[in-house]
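Given next are the chains, with one letter for each unit.
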Amino acid sequence: PELIGEVHAALAGRDYEIVVVDDGSTDNTADVLAELAKADPRVVPVRHESSLGRSAAVHTATRQARGARIVTLDGDGQNDPVYIPVLADCLDDPAVGLVAGQRLGRKDTAAKRYASRIANAVRGALLGDGTRDTACGLKAFRREAYLELPYFETMHRFLPALFLADGWQIAHVDVVDRPRRHGASH
């Protein structure tokens, strides 16, 4: 509820919906989301019966969404919703298909930051997409362009390369990472 409240505050005065994918949680997330949706029709809960991962959650939410622009963020609280309008507005440029948030001041452990840096360097060298942080949950993209891409299990890590290969330009926005409020890193 706290994160959804922050999304509402960040998008005040805009037309939007919040599609929340419960990716197989075993706590009371589904009940909390049902209550939030009952109180506000802009909240649209969708549930995976088992955990399918980030790429599946993004794909499910994008298929469920009605808007032409999609902005994603993780539910653990590390992604600050204040950046949602910034990312979405970058799509005003008709040549831009994807806007990738790139974290500054990451709050993960040193080992996690180091492993991520190596993985991003290797991926970036192989794909040449100019994105230094593909694991950042904050991204904005055109719904129809995304749905034309081939879906696969880890596609969220390759979205910049996929959009580039499909003829779109990529924009990058530096975002400040926050400490994780919920859950554990996988």
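Structure shown above.
Residues numbered from 1 in each chain as written. Predicted model: local features only at pLDDT ≥ 70, side-chain atom pairs only at ≥ 80, totals over all residues. Heavy atoms only, no water.

Considering the overall build of the protein chain
For step 1, the next point in the chain: A tally of regular secondary structure across the protein chain gives seven helices and six strands.
For step 2, the next point in the chain: Ordered by position in the sequence, the α and β elements of the protein chain form the string α-β-α-β-α-β-α-β-α-β-α-α-β.
For step 3, the next point in the chain: Relative to the globule expectation of 16 Å for 186 residues, the C-alpha radius of gyration of the protein chain, 16 Å, shows essentially globular dimensions.
For step 4, the next point in the chain: Its C-alpha atoms give the protein chain principal-axis dimensions of roughly 45 × 40 × 30 Å.
For step 5, the next point in the chain: Across the 186 residues that make up the protein chain, the buried fraction comes to 45%.
For step 6, the next point in the chain: Put simply, of all contacts in the protein chain between residues at least 6 apart along the chain, 75% involve residues at least 24 apart.
For step 7, the next point in the chain: Surface exposure of the protein chain reaches about 9,700 Å², of which carbon and sulfur atoms provide 55%.
For step 8, the next point in the chain: Measuring between centres, the 23 positive side-chain charges of the protein chain sit 4 Å from its 26 negative side-chain charges. (Helix = DSSP H or I, 4+ residues; strand = E, 2+ residues; numbered from the N terminus. Rg over C-alpha atoms; globule rule 2.2 N^0.38 Å. Buried < 20%, exposed > 50% of the residue type's maximum accessible area, 1.4 Å probe, protein only. Contact = heavy atoms within 4.5 Å. Areas by Shrake-Rupley, 256 points an atom, 1.4 Å probe, with all protein chains shown as cover. Lys, Arg positive; Asp, Glu negative; His and termini not counted. Charge placed at Lys NZ, Arg CZ, Asp CG, Glu CD.)

Concerning the pairing of strand 2 (residues 43-48)
For step 1, the next point in the chain: Pairing between strand 1 (residues 18-23) and strand 2: six bridges, direction parallel. Considered in strand 2, the bridge of V21 is made with V46.
For step 2, the next point in the chain: For the crossover that starts at strand 1, traverses helix 2 (residues 29-39) and ends in the parallel strand 2, the hand is right-handed. (Pairing = 2+ DSSP bridges. Right-handed = clockwise from strand over helix to strand, strands pointing away.)

Considerations on the sheet that holds strand 3 (residues 69-72)
For step 1, the next point in the chain: On the basis of which strands lie adjacent, the open sheet formed by four strands has the order 3-5-4-6 and mixed pairing. Two strands lie at the open edges of the sheet, namely strand 3 and strand 6 (169-176), each paired on one side alone. Averaged over all neighbouring strand pairs, the angle between strand axes comes to 15 degrees, with direction disregarded.
For step 2, the next point in the chain: Both strand 4 (residues 96-104) and strand 6 contribute to a ladder of eight bridges, which runs parallel. Among the inter-strand pairings, A100 is bridged to a residue of strand 6, identified as H172. (Axes fitted to C-alpha atoms, helices over the stretch in contact; angles between N-to-C directions.)

A short note on the pattern of salt bridges
For step 1, the next point in the chain: For the coordinates displayed, the defined rule picks out eleven salt bridges.
For step 2, the next point in the chain: In this structure, the salt-bridge partner of D89 is R14, at a minimum N-O distance of 2.9 Å. Of this pair, D89 sits in helix 4 (residues 84-90) while R14 sits in the loop between helix 1 (2-10) and strand 1, and the two are 75 residues apart along the sequence.
For step 3, the next point in the chain: In this structure, the salt-bridge partner of R66 is E17, at a minimum N-O distance of 3.3 Å. In this pair, R66 is assigned in the loop between helix 3 (54-64) and strand 3 and E17 in the loop between helix 1 and strand 1, connecting sequence segments 49 residues apart.
For step 4, the next point in the chain: Judged by relative accessible area, which is 67%, R66 ranks as exposed. (Salt bridge = Lys/Arg side-chain N within 4 Å of Asp/Glu carboxyl O.)

Examining empty space enclosed by the protein
For step 1, the next point in the chain: A complete count under the given rule lists one cavity of 30 Å³ or more for this structure.
For step 2, the next point in the chain: Estimates place the volume of the largest cavity at around 50 Å³.
For step 3, the next point in the chain: Every residue along the wall of the largest cavity is listed here: R54, V58, T72, C136, G137, K139, H156 and L159.
For step 4, the next point in the chain: Class assignment for the residues of the lining of the largest cavity results in three nonpolar, three polar and two charged. (1 Å grid on protein atoms, 1.4 Å probe; cavity = no way out; pocket = protein on both sides within 12 Å on 5 of 7 lines; lining within 4 Å. Points joined across faces, edges and corners; volume = space filled by probe spheres on them. Nonpolar A, V, L, I, M, F, W, Y, C, P; charged D, E, K, R; others polar.)

Things to note about helix 1
For step 1, the next point in the chain: When helix 1 is considered as a whole, its buried residues turn out to be L3, I4, V7, H8 and A10. Take helix 1 and look down its axis: the buried residues cluster within an arc of 165 degrees, on one side only.
For step 2, the next point in the chain: Elements that come into contact with the buried residues of helix 1 comprise strand 1, helix 2, strand 2 and helix 4. (Arc of directions from axis to C-beta.)

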